[in-house]
Amino acid sequence: MNGEDLIERVLREGTRQADEVEVFYYRGESIATEIKKGILGTAEESEAWSMAIRTVNDGRIGFSSTGDPDRWKECLDAALASGRLATPQQWGGFPKPAELAGTASAADRDLVVAVEDAAGMVEDLLAGAAEHPVEVVGGGANLARAYMMVANSTGTLYGMDRTAASVSLETIREQSTGYEFDASPFRAELDPRSVGEQAAFLAARSLGGKEIETGRYDIVLSPIAAASIIGQVLLPALSGRNVKAGRSSLADKVGEQVLDESLSVYDDPFAPGLGSAAFDAEGVPTRRLAFIEQGVLRQFAYDLKTGYRYGEASTGSAVRSGGEPPGIGFHNLFLDGPRMKEPGDERAVWIHDVVGAHTANPFSGDFSVEISNPFWIEGGDLTEPIRTAMFAGNVFEMLREVGGLGKDARRVGRLTIPSIRLNNQQIIGK
Amino acid sequence: MAADVRYYDIRCVRGEVTLVDIDNGVVESAGTSFFDKAVIRVLGPKGWGFLTRDHVDIDSKRELNALVEEAARLAAVTADEIDLADVPRGVLPVPPLKEDPRDIDLEEKTRLLAGIEEAARIEGVANTRARYTEGIDAVRYLDSSGNEYSYEAVRSGFSVLAIASRNGVMQMGSERDHTTTGFNLRGKQDLGRKAGEVAVSLLDAKIPKGGARRAILDPELAGVFTHEAVGHASEGDLVREGASVLGGKIGEAIGCPGLVIVDDPTLHEFGFMPVDAEGVAVERTEIICDGILRSYIHNRETLAAVGNGIAGHARAEHGAPPIVRMSNTFIENGDATYDEILAECRDGILLIGSRGGQVDPGRGVFQFNAEYGYLIEGGETTDMVRDVSLSGEILSTLHNIALIGNDRKMSPGYCGKGGQSVPVSDGAPHLLLENATIGGRGE
């Protein structure tokens, strides 16, 4: 039975027992090649199939999912059973069919999920890495294509294709390590050779770093380091669910200046990207959302469930991961602002990445992390490597005054972000 | 078997996941989902080809042959020359369940979880959240050498989070408990209450000053320390790839005398497995003995390539190829009492609980975060502190252990590596560390 037929059966059978039914259907194929010790070590091909069902009865939402088409009936029964236990809430129905506000840019028609293509990307990664005297310890290239559909008993039915190409490389020289990666829906946007070169450069160039004393320094966070720290703290604080549940320290600050006036944070679902989508994971049309404009907090992200419960409208921000029910998330998030001054012009500590960003306190914003591949930067050049150190601070406080944004914005996961200069920050030496 | 297939195996995991999520007294979701995943591995003339599929009939010879052929096509593009070590076989009995979670209906689970969540809602707490997770895995395995096994793993557990809030300051407390030995939601309200109390008291905690000083690690944090600082770097795949500072260090003293660090998948803790994910018998592995590096933890291919260690440490999330992982990792008891450790520390910091950690095993640098702590002055604990982390270097830190306590405790959790998450436990007695790098933004 193909996806469309099965969806129809589930909707038909489900509406006999529930007020409303929703089906989310996914099928995908992917190739993953992994590098071991500088050569192609393993090749993996995956096919995945899944279906998630939600039912609503008198404001009680039920959920179940399955990876086995033959178990769709069991899955529907489990969704209904789960609905009987859920606390009833205000519910205004699944979305009716609507005009979409834009088109997604998440699929590359030319991307072929073939092991030969992935092996070619691995060759390019390794050729790039060969430009510096390092050993390659790991990494790989992946290609994936998926088709997903969301349909509900009010007649909404959308489907979309997604593709993804990604590469990563891990290198080492003595005790100096380097890691770089990139991912895009579009194969042609990736440059595996330069990713390989950069990973090798980091390990080669970080060797023999000098000690740094504990104290206050001006720093520049690379897009990767900035995304790691900010992703852990600022993004959860923009989720409407965390706001209404008392888990966001931005909850009562709409209209207030919460970040430096040069910083804006917005979700553009129509921009090209891995999360680009014209409808969200529960079939609500997406739109561009400005969360923070020139440092002023404007709004939060909502899905249907949180929206209905608290009298807010869905912002088309529902996303799904694995076999879990939809939750609030972002499609293509941007942290952006005017580029006044190059962040690395005046002498500062440049930080490529951090170790342990996930241990930051997401509510208070406090963090203290180990830094990776730190350098002294001056005149825009990495002049001298620094030996290991820690960086401690508070995300909300440090973003209240930034010393400049770089022209080097890049995608790190679903966030596109430039390098950020922050003056007078705390570094803890060994 | 085709000439270009040196070996194959297939591992199918079919099962159910039950989740209950309660947020501020509201049952957000409570239900069961189903999965059925298979991974087929083929060793070609050189390296591995893997296939992952939903819903494979392992008993169909025809289906299996077709999958092996497809995986062999993938293996043909690899260049890494893999050999597999000969290994002991055998499957341990799965521990009996004190109370089988499948015998308890979802309504009762939800009610018990709600009790724990409610207990966290003490004065000063703004938000509480609790989550119950139950996983039933029916595992079937067979390989081209004629090995075949099946077993069932039942895991259940919960976490509870409390957030206290006052004048714009927000702090959290969290507790969790996960087991392989049966249903564990009964009589656990005290853990909910503790999460609430920690969150509220952290509102008045100080922010510590960063820098080097003496630190006492409680058993939970010392367990994470063991896992991050030693466990990952002893994984045979990282050693083979040249990505671990512990490579080539067998027989060297890398820790203080008396230090014993073990990974033991046979213990009935949260990281228990009756047999590993490539059909190898599991056994206790002493990574460090009396301060000397003795063994790496291995799978068949890393044992063949690296030696110096024990296979039986291959693990996999369902639907993913097995990789070398820890299971139950711990520091054995020493002989110091907690009071002796406190007295010996005199002035320093006591770190309690874990908010997780991370390691760069190639560089030999790790970082992890405590849930909270206390300053120690004159051998006594004084002010409470928050948002405090610890970092260090693998090759020097273990020499800085000055005292090993006699009160080891294990804590359950999940460990991520290579995009896969598997259940583990880790533990240790209280430890006294000299010259620990403490991260905190106080001045």
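J.: Explain the overall build of chain A to me, please; I cannot follow it from the model alone.
T.: Across its full length, chain A holds eight helices and 21 strands. In chain A, which comprises 430 residues, the proportion classed as buried is 57%. Summarising the internal contacts of chain A: among those between residues at least 6 apart in sequence, 71% fall at separations of at least 24.

J.: Even after reading the chapter, I still don't get the overall build of chain B, so can you show me in this structure?
T.: Scanning chain B from terminus to terminus reveals eight helices and 25 strands. Taken over C-alpha atoms, the radius of gyration comes to 23 Å for chain B, in line with the 22 Å a tight globule of 443 residues would show. If one aligns the C-alpha atoms of chain B with their principal axes, the spans along those axes are about 70 × 55 × 35 Å. When contacts within chain B are restricted to residue pairs at least 6 apart in sequence, those whose partners lie at least 24 apart make up 74%.

J.: Explain the domain arrangement of chain B to me, please; I cannot follow it from the model alone.
T.: Residue and element names in this part refer to chain B. We note that the domain assignment places domain 1 (7-67 + 78-202) and domain 2 (209-441) within chain B. The gap between the C-alpha centroids of domain 1 and domain 2 is 22 Å. Opposite the 39 residues of domain 1 that make contact, domain 2 presents 28 residues. Of all the secondary structure elements, the ones that give two or more residues to the side of domain 1 that touches domain 2 are β1 (7-23), β2 (26-43), β3 (48-54), β4 (125-143), β5 (148-166), β6 (169-179) and α3 (189-202). By residue class, the composition of the side of domain 1 that touches domain 2 is 19 nonpolar, ten polar and ten charged.

J.: Which parts of the structure should I look at to understand the interface of chain B and chain A?
T.: By a widespread convention, an interface's size corresponds to the accessible area lost as its parts come together. At the interface, 66 residues of chain B touch 67 residues of chain A. With eleven residues, β2 of chain B is the largest single contributor of residues to the side of chain B that touches chain A. A per-class count over the side of chain B that touches chain A returns 23 nonpolar, 30 polar and 13 charged. Looking at chain direction, strand β2 (residues 39-57) of chain A and β3 of chain B are connected through five bridges and run parallel. Counterpart to Glu 45 of chain A in the pairing with β3 of chain B is Leu 51 of chain B.

J.: Quick question: what am I supposed to make of the domain arrangement of chain A here?
T.: Residue and element names in this part refer to chain A. Here the domain parsing of chain A yields domain 1 (3-202) and domain 2 (209-430). Between the C-alpha centres of domain 1 and domain 2 the distance comes to 23 Å. With 33 residues of domain 1 at the interface, the matching set in domain 2 holds 25 residues. Where the side of domain 1 that touches domain 2 is concerned, the elements lending two or more residues are β1 (20-36), β2, β3 (60-66), β4 (135-152), β5 (157-173) and β6 (176-184). Its residues placed into classes, the side of domain 1 that touches domain 2 shows 20 nonpolar, eleven polar and two charged.

J.: When you look at the sheet that holds strand β9 (residues 289-293) of chain A in this model, what are you seeing that I'm missing?
T.: Strand pairing in a sheet takes place through backbone hydrogen bonds and is either antiparallel or parallel in direction. Residue and element names in this part refer to chain A. One open sheet accounts for six strands, arranged β10-β9-β8-β13-β20-β19; its pairing is mixed. Each end of this open sheet is capped by a strand with a single partner; those strands are β10 (296-297) and β19 (410-412). Summarising the sheet, strand β8 (residues 264-267) and strand β13 (residues 333-336) pair through four bridges and their orientation is antiparallel. Bridged to Val 265 within β13 is Leu 335. Taken strand by strand, helix α5 (residues 223-237) contacts β13, β19 and β20 (415-417), and its axis lies near 130 degrees from that of β20.

J.: It is not clear to me how the sheet that holds strand β24 (residues 420-428) of chain B should be interpreted in this structure. Could you clarify?
T.: Read across the open sheet, the six strands follow the order β10-β9-β8-β15-β24-β23 (chain B); overall the sheet is mixed. Of all the strands in the sheet, the pair left with one neighbour each is β10 (292-293) and β23 (409-417) of chain B.

J.: What should I look at first to understand the pairing of strand β15 (residues 328-331) of chain B in this one?
T.: Here is the key point about a regular strand: its side chains alternate between the two faces of the sheet. Residues and elements named next belong to chain B. In β15, alternate side chains face the same way, and those of Asn 328 and Phe 330 on one face and Thr 329 and Ile 331 on the other are all buried. As defined by bridge partners, strand β8 (residues 261-263) adjoins β15 across three bridges and the pair is classed as antiparallel. Its bridge partner lying in β15, Val 262 is registered against Phe 330. With three bridges connecting them, β15 and β24 associate as parallel partners. When the sheet's bridge partners are listed, Phe 330 is paired in β24 with Gly 427.

J.: Explanation requested: helix α4 (residues 192-205) of chain A in the structure shown.
T.: Because an α-helix completes one turn every 3.6 residues, residues spaced three or four positions apart along the sequence face the same direction. All names here are of chain A. With 14 residues, α4 should cover 20 Å at 1.5 Å per step; its first-to-last C-alpha distance of 20 Å lies within 8% of that length. Here α4 has its buried residues at Pro 192, Val 195, Gly 196, Glu 197, Gln 198, Ala 199, Ala 200, Phe 201, Leu 202 and Ala 203. The inward-facing, buried residues of α4 contact α3 (115-129), β4, β5, β6, β14 (348-355) and β15 (366-378).

J.: Explain helix α7 (residues 338-345) of chain B to me, please; I cannot follow it from the model alone.
T.: Residues and elements named next belong to chain B. Looking at α7, one finds that the buried residues are Ile 341, Leu 342 and Cys 345. Buried residues of α7 fall within an arc of 100 degrees about the axis and therefore sit on the same side. Against the buried residues of α7 lie β7 (209-217), β16 (348-352), β19 (372-377), β22 (401-404) and β25 (431-441). One or two positions beyond α7, positive phi appears at Arg 346, with a value near 55 degrees.

J.: Quick question: what am I supposed to make of unusual backbone geometry here?
T.: Glycine aside, a negative phi is what most residues show, and trans is what most peptide bonds show. Phi is positive for Gln 294 of chain A, which is not a glycine, with a value near 45 degrees. A positive phi is found at Asp 290 of chain B, a non-glycine position, where the angle reads about 50 degrees. Residue position: Asp 290 of chain B is located in the loop between β9 (285-289) and β10.

J.: Got a minute to help me understand the environment of Glu 283 of chain B in this structure?
T.: Residue and element names in this part refer to chain B. Relative to the elements of secondary structure, Glu 283 occurs in the loop between β8 and β9. Residue classification places Glu 283 among the partly exposed positions, given that 16 C-beta atoms sit within 10 Å. Residues Glu 283 and Ile 310, 27 residues apart in the sequence, show an inter-C-alpha distance of 7.9 Å. Leave out the neighbours within four places in its chain, and Glu 283 touches Thr 266, Ile 310 and Gly 312.

J.: What is the right way to read the environment of Leu 100 of chain A from this model?
T.: All names here are of chain A. Secondary-structure assignment places Leu 100 in the loop between α2 (72-85) and α3. Considering only alpha carbons, one finds Leu 100 and Trp 72, 28 residues apart in sequence, at a separation of 30 Å. Excluding its chain neighbours within four sequence positions, the residues that come into contact with Leu 100 are Ala 278, Phe 279 and Pro 285.

J.: Looking at this structure, I do not really get the environment of Gly 102 of chain A. What am I missing?
T.: With respect to the helices, strands and loops of the structure, Gly 102 of chain A is situated in the loop between α2 and α3. For Gly 102 of chain A and Arg 288 of chain A, which are 186 residues apart along the polypeptide, the C-alpha to C-alpha distance reads 9.6 Å.

J.: Would you explain the confidence of the model for chain B in this entry?
T.: Within chain B, residue pLDDT values average 95, and 100% of them lie at 70 or more. The ipTM value of the predicted complex is 0.91, and its pTM value is 0.93.

J.: Would you mind going over the packing of helix α2 (residues 106-119) of chain B against α3 of chain B with me for this structure?
T.: For any two helices packed against each other, the geometry is given by the interaxial angle and the distance between the axes. Residues and elements named next belong to chain B. α3 packs onto α2 with a crossing angle of 30 degrees between their chain directions and a minimal axis gap of 6 Å. With respect to each other, α2 and α3 are oriented roughly parallel. Taken as a pair, α2 and α3 cross one another with a handedness that is right-handed. Contacts from Gly 115, Ile 116, Glu 117 and Ala 119 in α2 reach Gln 189, Leu 191, Gly 192 and Arg 193 in α3.

Thresholds, definitions, all that
- Residues numbered from 1 in each chain as written.
- Chains lettered and ligands numbered in written order.
- Predicted model: local features only at pLDDT ≥ 70, side-chain atom pairs only at ≥ 80, totals over all residues.
- Helix = DSSP H or I, 4+ residues; strand = E, 2+ residues; numbered from the N terminus.
- Buried ≥ 20, exposed ≤ 12 C-beta atoms within 10 Å, placed from the backbone.
- Contact = placed C-beta atoms within 7 Å.
- Rg over C-alpha atoms; globule rule 2.2 N^0.38 Å.
- Domains from an automatic or database assignment.
- Nonpolar A, V, L, I, M, F, W, Y, C, P; charged D, E, K, R; others polar.
- Pairing = 2+ DSSP bridges.
- Axes fitted to C-alpha atoms, helices over the stretch in contact; angles between N-to-C directions.
- Expected span 1.5 Å × (residues − 1).
- Arc of directions from axis to C-beta.
- pLDDT = per-residue confidence, 0-100.
- Parallel < 35°, antiparallel > 145°, perpendicular 65-115°, else oblique.
- Left-handed = near helix turned anticlockwise from the far one by under 90°.

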